[in-house]
Amino acid sequence: MLKLEQIDVYYGNVRALENVDFEVDTGEIVTLIGANGAGKSTILKTISGLNRPRQGSITFVGENIERMAVERIVSRGISHVPEGRRIFPGLTVFGNLEVATSSWRKRGESYQREMENVFQLFPQLREKKDQLGWSLSGGEQQILSIGRGLMSRPRLLLLDEPSLGLAPKLVRLVFDTIKTINDQGTTILLVEQNAYAALQIADRGYVLENGRIALFGLAKDLASDEKVKKAYLGG
Ligand SMILES: Nc1ncnc2c1ncn2[C@@H]1O[C@H](COP(=O)(O)OP(=O)(O)OP(=O)(O)O)[C@@H](O)[C@H]1O
Ligand SMILES: [Mg+2]
């Protein structure tokens, strides 16, 4: 579905990604783990078109996207749920969800089905649908951000640290929901600090160190790898 080949990304003169090769197959959950500053968010931003690679190619379902406009990348079926929520504070829950349908919806076309799907995954959003974004709790904003990502009908959902700062109960809900979203047919690329939980639900994983892919393989193999255990799973 998605293939990155020899991707280099720079911020000014500083190289953030070096020679990154990376693949996601249709139907998979792939997780990307690595320390702070390793370049995880940079990879997601490069896929969704917010960063442009200096070198290399990105293909999505057979089409080159590394120079494609961001809104066209969204309409091709890639949805990016960014680090730190970024919901619209002045819009209601309903409004935040509705906004994301503009990538596919023609005038007057219904988005009832998509909205209902999000409310079934996250019933607490239904209860708060008329509440303004800024007044939601951090956890509620996080869930809303994932829900908004789903409203654009993604084939591939990019999730950047969806469990960051959540209480344990909500962390569990988020991971369970990611699994459900995947079971419903959406392919997932998951960036997580919580490497243990991510490897539990993922099919495959990549370990990023200083902008390079240091290791990749089946999630279950990574989870039992001594180096991974020591560096990312707390020994
Ligand atoms: N807009 C920017 N301008 C300059 N440098 C940047 C910018 N964004 C990221 N960087 C640098 O690029 C490197 C990779 O950052 P990135 O945000 O991709 O890391 P990350 O793996 O997502 O880290 P974290 O786990 O802390 O979110 C870091 O050294 C960071 O300082
Ligand atoms: Mg990051």
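The structure under discussion appears in the preceding block.
## Some remarks on a nonpolar patch on the surface
Part 1 of the argument: A contiguous nonpolar patch, built from Phe88, Leu91 and Val99 and spanning about 220 Å² of accessible area, is present on the exposed surface.
Part 2 of the argument: Mapped onto the secondary structure, Val99 falls in helix H3 (residues 93-99).
Part 3 of the argument: Taking relative accessible area as the criterion, Val99 reaches 36% and is therefore assigned partly exposed.

## Observations concerning the site of ligand 1
Part 1 of the argument: Around ligand 1 sit 13 residues in total, of which Gly37, Lys40, Ser41, Thr42 and Glu83 are the nearest.
Part 2 of the argument: Between Thr42 and ligand 1, the recorded distance is 2.5 Å, taken from a side-chain N or O atom to an oxygen atom.
Part 3 of the argument: Out of a free accessible area of 640 Å², ligand 1 has 59% covered by protein chains.
Part 4 of the argument: Among the elements that take part in the shell around ligand 1, helix H1 (residues 40-47) stands out by supplying three residues, more than any other.
Part 5 of the argument: In terms of residue class, the shell around ligand 1 is built from four nonpolar, six polar and three charged.

## Things to note about the coordination of the magnesium ion (ligand 2)
Part 1 of the argument: The coordination sphere of the magnesium ion (ligand 2) contains the protein donors Ser41 (OG) and Glu83 (OE), at a distance range of 2.0 to 2.7 Å. Taken together, the positions of Ser41 in helix H1 and Glu83 in the loop between strand S6 (78-81) and H3 put the pair 42 residues apart, joining distant regions of the chain.
Part 2 of the argument: Look at Ser41 and you get buried, because its relative accessible area is 14%.

Parameters and conventions
Residues numbered from 1 in each chain as written. Chains lettered and ligands numbered in written order. Predicted model: local features only at pLDDT ≥ 70, side-chain atom pairs only at ≥ 80, totals over all residues. Heavy atoms only, no water. Patch = residues over 30% accessible without salt bridge, like charges linked within 9 Å, V, L, I, M, F, W, Y side chains within 5 Å. Areas by Shrake-Rupley, 256 points an atom, 1.4 Å probe, with all protein chains shown as cover. Salt bridge = Lys/Arg side-chain N within 4 Å of Asp/Glu carboxyl O. Helix = DSSP H or I, 4+ residues; strand = E, 2+ residues; numbered from the N terminus. Buried < 20%, exposed > 50% of the residue type's maximum accessible area, 1.4 Å probe, protein only. Near = heavy atom within 4 Å. Polar contact = N/O pair within 3.5 Å; in protein donor to acceptor, adjacent residues only side chain to side chain. Nonpolar A, V, L, I, M, F, W, Y, C, P; charged D, E, K, R; others polar. Donors = N, O, S within 2.8 Å, 3.2 Å for Na, K, Ca; no water.

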